[in-house]
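Structural description and commentary
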Amino acid sequence: TITERLAHELAQPTDQAPDWSELQWQLARAVAALHGVSPLLATTLKWQGPPAWRSFLESQRTHVASRHRRIVALLEQLDTRSREEGVALVGLKGTTLHRMGLYRAGDRPMADIDLLVHPDQAARATDVLESLGYSSAHTFESWRHKLFVPESRQVHNGVGEHSGNYIKVELHTRIAEALPLRKYDLTGSIYPRSPHPGLNAYPSRAALLTHLLFHAAGAMVVRAVRLLHLHDISLVAAQMSDFDWREFQEQGGWWALPPLQLAARYYPSAVPASVLTGLSDRCAWNLRRRARQQTLSEASFSYLW
């Protein structure tokens, strides 16, 4: 109930605060943190709610803004060092969304910095990160990425974001997700056609939207999608031209329908109906039917069962 109400309030704010108990307001803080939207709610909601709720949202926005300044400084260092070393990096997801101006400082939490590098330059990219005090010596390497952390790692406990928490860097040599039946690789659609040393953008808005949907599809498999994922998708979708949508439809596979359908449930004006119809033709009938009915709370950690 709380998840669905906050999702609709973020997408289409109302003037009336929910009539919740003290316990429900406490749970609302957990839901907002879990879905990564506390700072967005601080500036989007038209109602105040109890003092503890309002204080939590404003505190989260302050923490996220402070942390964002640290992330920007690190990205500038990465850009400079990778230019010097001739390494082309692609700043993924949140990095690009901020650079496009879709978010202001303090709007969107970023737990880490995601970077894509060509496999031939992975060793040099590692050297760049190590020159900035980052190491993967005591972390794990998954089939999707290699994790780098700073030597000094502060962690502050509590609900939500904290400006003092250390910044992780995930270095990807491919963009892949374990979707039902097999793994899918989308690197060819994400990596720039003519990359230059330093931080690169996605080759197009369609490529960015494709990656956001691909990531959300992977999260939906394990019921880990977040409201922030849907908000990201809605912002980029609203920027798409007819040409962008045609390019997207050439790239998007059957897996794009469930997350795009879920985003359209809460942000109906962001996604053209013709795009959903076109994707439906590529999607198996049982998944297509499920996608029409699924809600955010069912596809996320809010579904406690």
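Cut-offs used in this document
Every chain's residues receive numbers from 1 upward, in the order its sequence appears when written. Totals for whole chains, interfaces and linings use all residues, but because this is a predicted model, local features are given only for residues with pLDDT of at least 70 and pairs of side-chain atoms are given and counted only at 80 or more. Side-chain numbers here rest on the full set of heavy atoms in the structure, without hydrogens or water. Helical segments are the DSSP runs of H or I of at least four residues, strand segments are the runs of E of at least two, and each set is numbered from the N terminus. What the globule rule says is 2.2 Å times the number of residues to the power 0.38, and the radius of gyration is computed from C-alpha atoms. For every residue, the accessible area (1.4 Å probe, protein chains only) is compared with the maximum for its type, and the residue is labelled buried under 20%, exposed over 50%, or partly exposed between those bounds. A 1.4 Å probe that fits but cannot get out identifies a cavity on a 1 Å grid over protein atoms alone, an open set with protein on both sides within 12 Å along at least five of seven lines counts as a pocket, and a residue lines either if it has an atom within 4 Å of a point. Grid points are joined across faces, edges and corners, and a volume is the space filled by probe spheres set on the points. Each residue gets one label: Ala, Val, Leu, Ile, Met, Phe, Trp, Tyr, Cys and Pro are nonpolar, Asp, Glu, Lys and Arg are charged, and the others, such as Gly, are polar. Here, a strand pair is defined by DSSP locating no fewer than two bridges between the strands. What makes two residues a contact is simply this: any of their non-hydrogen atoms within 4.5 Å. Axis geometry follows a simple rule: fit a line to the C-alpha atoms, using only the stretch in contact for helices, then measure angles between N-to-C directions, giving values from 0 to 180 degrees. Paired rings are identified among Phe, Tyr and Trp, the last through its six-membered ring, by centres lying within 6.5 Å, and are further divided according to the angle between planes into stacked (under 30 degrees), edge-to-face (over 60) and tilted (the rest). Take the buried residues of types Ala, Val, Leu, Ile, Met, Phe, Trp, Tyr and Cys, join any two whose side-chain atoms come within 4.5 Å, and each joined set is a nonpolar core. Patch membership is restricted to residues that have no salt bridge and whose relative accessible area is over 30%. Joining uses 9 Å for like charges and 5 Å for the nonpolar side chains Val, Leu, Ile, Met, Phe, Trp and Tyr. Only the protein chains shown count as covering a residue, and every accessible area follows the Shrake-Rupley method with a 1.4 Å probe. What makes a salt bridge here is a side-chain nitrogen of Lys or Arg within 4 Å of a carboxyl oxygen of Asp or Glu, nothing more.

**Brief notes about the overall build of the protein**
From N to C terminus, the protein includes 13 helices and 8 strands. Relative to the globule expectation of 19 Å for 305 residues, the C-alpha radius of gyration of the protein, 19 Å, shows essentially globular dimensions. Seen through its C-alpha atoms, the protein measures out along the principal axes to roughly 55 × 45 × 35 Å. When the 305 residues of the protein are sorted by exposure, 53% land in the buried category.

**Regarding the layout of surface pockets**
Size it by volume and the largest pocket reaches roughly 790 Å³. Listed by contribution, the elements that provide at least two residues to the lining of the largest pocket are β2 (112-117), β5 (168-172), β6 (176-179), α8 (205-221) and α9 (227-239). Counting residues per element, the lining of the largest pocket draws most heavily on α8, which supplies 5 residues. Classifying every residue of the lining of the largest pocket by side-chain character gives 15 nonpolar, 9 polar and 12 charged.

**Things to note about the sheet that holds strand β3 (residues 134-135)**
Reading across from one edge, β3-β4-β5-β2-β1-β8 is the order of the 6 strands in this open sheet, with mixed pairing throughout. Looking at the sheet topology across the chains shown, the edges are occupied by β3 and β8 (198-200). Note: strand β4 (residues 146-150) against β5, 3 bridges, orientation antiparallel. The partner of K146 across the bridge, within β5, is L171. Against the sheet, helix α4 (residues 51-85) touches β1 (88-91), β2, β3, β5 and β8, its axis set at about 115 degrees to β8.

**Remarks on the packing of aromatic side chains**
The full count for this structure, using the stated rule, is 8 aromatic pairs. For the ring pair W25 and W53, a centre distance of 5.5 Å and an interplane angle of 55 degrees mean the geometry is tilted. Note that W25 is positioned in helix α2 (residues 22-34) and W53 in helix α4, a separation of 28 residues in sequence. Assessed through its relative accessible area of 9%, W25 is described here as buried.

**Some remarks on the nonpolar core**
Among the nonpolar cores identified, the biggest contains 72 residues, and L41, W53, V225, F248 and L260 are the most heavily contacted of them. The leading source of residues in this core is α8, at 11 residues. Every residue in contact with L41, bar those within four places of it in the chain, is listed here: L6, L10, A32, W53 and L57. Within the second largest apolar cluster, 20 residues are counted, among which are I71, L75, I113 and F148.

**As for the side chain of H68**
On the secondary structure map, H68 appears in helix α4. With relative accessibility at 14%, the residue H68 sits in the buried group.

**Digging into unusual backbone geometry**
Of note in this structure, K93 is not a glycine but carries a positive phi near 50 degrees. Relative to the elements of secondary structure, K93 occurs in the loop between β1 and α5 (94-99).

**Some words on the environment of A123**
Assignment of secondary structure puts A123 in helix α6 (residues 122-131). Sequence separation between A123 and V87 is 36 residues, and the spatial gap between their C-alpha atoms is 9.8 Å.

**Here's the deal with the environment of A206**
Take A206: it is sitting in helix α8. A relative accessible area of 0% places A206 in the buried class. If sequence neighbours within four positions are ignored, A206 has contacts with M240, D244, E247, F248 and Q251.

**Description of a nonpolar patch on the surface**
Taken together, the side chains of Y303, L304 and W305 present a nonpolar region at the surface, about 480 Å² in accessible area. Following the sequence through the fold, Y303 ends up in the segment after α13 (285-293). A relative accessible area of 37% means that Y303 is categorised as partly exposed.

Purely geometric numbers; function is a separate question.
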